[in-house]
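Each chain, written out:
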Amino acid sequence: MVRKKNFTLSTTQIILLSFLVTILIGSGLLALPISSASGEAVPYLDALFTATTSTCVTGLVTLPTVSTWSVFGQIVILLLIQIGGLGIITIISGLMLLLNRKMGIGDRLLIQDAFNLNTMSGLAKFVKNVMFGTLIIEGIGAVLYMLVFIPEFGARGIWISVFNSVSAFCNAGIDIIAENSLCDYATNPLINIVTSALIILGGIGYIVWWDLLRVIKSRSQKNRRIFRHLTLHSKIAITVTAGIIFVGAILIFIFEYSNNLTIGEMSLFDKIQVSFFQSITTRTAGFASLPQENLTNASAMISVILMLIGGSPVGTAGGMKTVTIAILICSAFATIRNKNSATLFGRRISEESVKKAVAVSVTFLAICIASTVLLMATSNASAIDAVYETVSATATVGLSRNLTATLNTFGKMIIIVTMYFGRVGPISLAVALGSKNESQNVISEPTEDISIG
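As the structure is a computational prediction, the values presented were derived from the model and not from experiment. (Residues numbered from 1 in each chain as written. Predicted model: local features only at pLDDT ≥ 70, side-chain atom pairs only at ≥ 80, totals over all residues. Heavy atoms only, no water.)

(A) Quick peek at the side chain of Thr55. Position of Thr55 relative to the elements: it lies in helix α2 (residues 44-55). Setting aside its immediate chain neighbours within four residues, Thr55 contacts Phe19, Thr22, Ile23, Leu80, Gly84 and Arg423. (Helix = DSSP H or I, 4+ residues; strand = E, 2+ residues; numbered from the N terminus. Contact = heavy atoms within 4.5 Å.)

Right, here's the structure in full:
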């Protein structure tokens, strides 16, 4: 008698399904009349789009958030953003720990895959730190926002501050201030600093947080050479993040300096702060302090590159990630210089890390290219607008050159799928949909050299 095989889901597939179920539940709630500011239910496709962009912490919207949704609808969106930023697995695990329930091996595997961690050691403490750290930073951000929004909006400013803080930390880019995002606050230093800080803290990755705290605590007596004692991951994440923010800001400042549609008529100080904000927000945050359609083509392409790079691993940001890009560049230079392996900060990068970086990048770019071609085939969008939209969706950024609101049914479906693929991670998607690993005992195929370049 043939025994039936038990159907079981892998941890990666469970994570993918958790996001999908969250999106479907969220879309159902947003499709209710109570979620609409007018009291009339919005079309389900728009509710699905909004639920997807919220859960995938992207920020592209077909309907203005501030005027379309009621307070109930905005609460649903905020919950979806928080769930999407932390991950449903993390939130459930955190609740289990608060209820003093122990995590089993299955729970630990889920958390390990959800954060793409290399070890299961100390996962319970890691989840607690993530939950409490997130709430503390979002709380501080909300209080600082209130200094501006309460005087302007009264009691409603409290809700706006909380919403904006969660959205900024989760790199979602959705706000309930105005239909033009943060354009009215482009030259407000407090809004720029608080929003930028939340974006960077969320995008730098939780691993870097704890590593910095560990080193600062251990070096508190000596108070020197903190960077030297960080892990290789933290060194790469911090260095690349700082580097691309400064380089991006300088290039945008140069290309937009005389553009009267953006920063051309601003003071020097305002030009600098707006350029820095544009460089920071393109790294998967999605808040706009400048009309993106008014950017020069050069600045638009710089923004596309920044969106592709994105934030750092094990954080709330999307994109190919800073560490991935650093590994690819170093590996390329090592090959050019005929070195056996790539090195960074005096450490050799493992071959496995290089393979993963290549896999993530190829899959990521494949999604971008496919969605761009499909979007251009089903709409009248120009090449630059289509590329900007699809890269923004894949990298979960949320910036648009005024294309999202004009999308037809096919265009909306393309962006919905693209946002989902971009959030769950190209490599996670490939693993979840792929077959099981082949046995290591099989005979290897013969090797043969081929010409490259």
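After that view, the rundown keeps rolling.
(B) View of the packing of helix α8 (residues 156-169) against helix α9 (residues 189-204). At a closest axis distance of 7 Å, the pairing of α8 and α9 adopts a crossing angle of 40 degrees. Regarding the angle of α8 to α9, the classification is oblique. Counting all contacts with α8, which are made through Ser165, Ala168 and Phe169, the residues of α9 involved are Thr195, Leu198, Ile199, Leu201 and Gly202. For the contact of α8 with α9, the residue count by class is 5 nonpolar, 3 polar and no charged. (Axes fitted to C-alpha atoms, helices over the stretch in contact; angles between N-to-C directions. Parallel < 35°, antiparallel > 145°, perpendicular 65-115°, else oblique. Nonpolar A, V, L, I, M, F, W, Y, C, P; charged D, E, K, R; others polar.)

(C) Looking closely at unusual backbone geometry. A positive phi angle, near 90 degrees, is found at Lys321, a position not held by glycine. We note that Phe345 has phi near 50 degrees; this positive angle belongs to a residue other than glycine. Along the chain, the position of Phe345 falls in the loop between β1 (343-344) and β2 (347-348). Classification of Phe345 by relative accessible area gives partly exposed; the value is 36%. (Buried < 20%, exposed > 50% of the residue type's maximum accessible area, 1.4 Å probe, protein only.)

(D) Here's a closer look at the packing of helix α11 (residues 232-256) against helix α12 (residues 268-281). For the pair α11 and α12, the least separation of the axes is 8 Å and the interaxial angle reads 130 degrees. As judged from the angle between their axes, α11 and α12 are oblique. The chirality of how α11 crosses α12 is right-handed. Taken together, the residues of α12 that come into contact with α11 (itself represented by Ile244, Ile245, Phe246, Gly248, Ala249, Ile252 and Phe253) are Leu268, Lys271, Ile272, Ser275, Phe276, Gln278, Ser279 and Ile280. Of the residues assigned to the contact of α11 with α12, the class counts are 10 nonpolar, 4 polar and 1 charged. (Left-handed = near helix turned anticlockwise from the far one by under 90°.)

(E) The arrangement of a nonpolar patch on the surface in detail. A contiguous nonpolar patch, built from Val21, Ile25, Leu29, Leu32, Ile34 and Phe72 and spanning about 500 Å² of accessible area, is present on the exposed surface. The element that contributes the greatest number of residues to the nonpolar patch is helix α1 (residues 11-30), accounting for 3 residues. Mapped onto the elements of the fold, Leu32 is located in the loop between α1 and α2. Given the relative accessible area of 36%, Leu32 is considered partly exposed. (Patch = residues over 30% accessible without salt bridge, like charges linked within 9 Å, V, L, I, M, F, W, Y side chains within 5 Å. Areas by Shrake-Rupley, 256 points an atom, 1.4 Å probe, with all protein chains shown as cover. Salt bridge = Lys/Arg side-chain N within 4 Å of Asp/Glu carboxyl O.)

(F) Region of interest: the packing of aromatic side chains. A full pass over the atoms with the stated rule returns 11 aromatic pairs. Between Phe227 and Phe345 the ring centres are 5.8 Å apart and the planes differ by 65 degrees, which places this aromatic pair in the edge-to-face class. Separated by 118 residues along the polypeptide, Phe227 in the loop between α10 (206-218) and α11 and Phe345 in the loop between β1 and β2 bring together distant segments of the chain. Here Phe227 falls in the partly exposed class, since its relative accessible area comes to 35%. (Phe/Tyr/Trp six-rings, centres within 6.5 Å; stacked < 30°, edge-to-face > 60°.)

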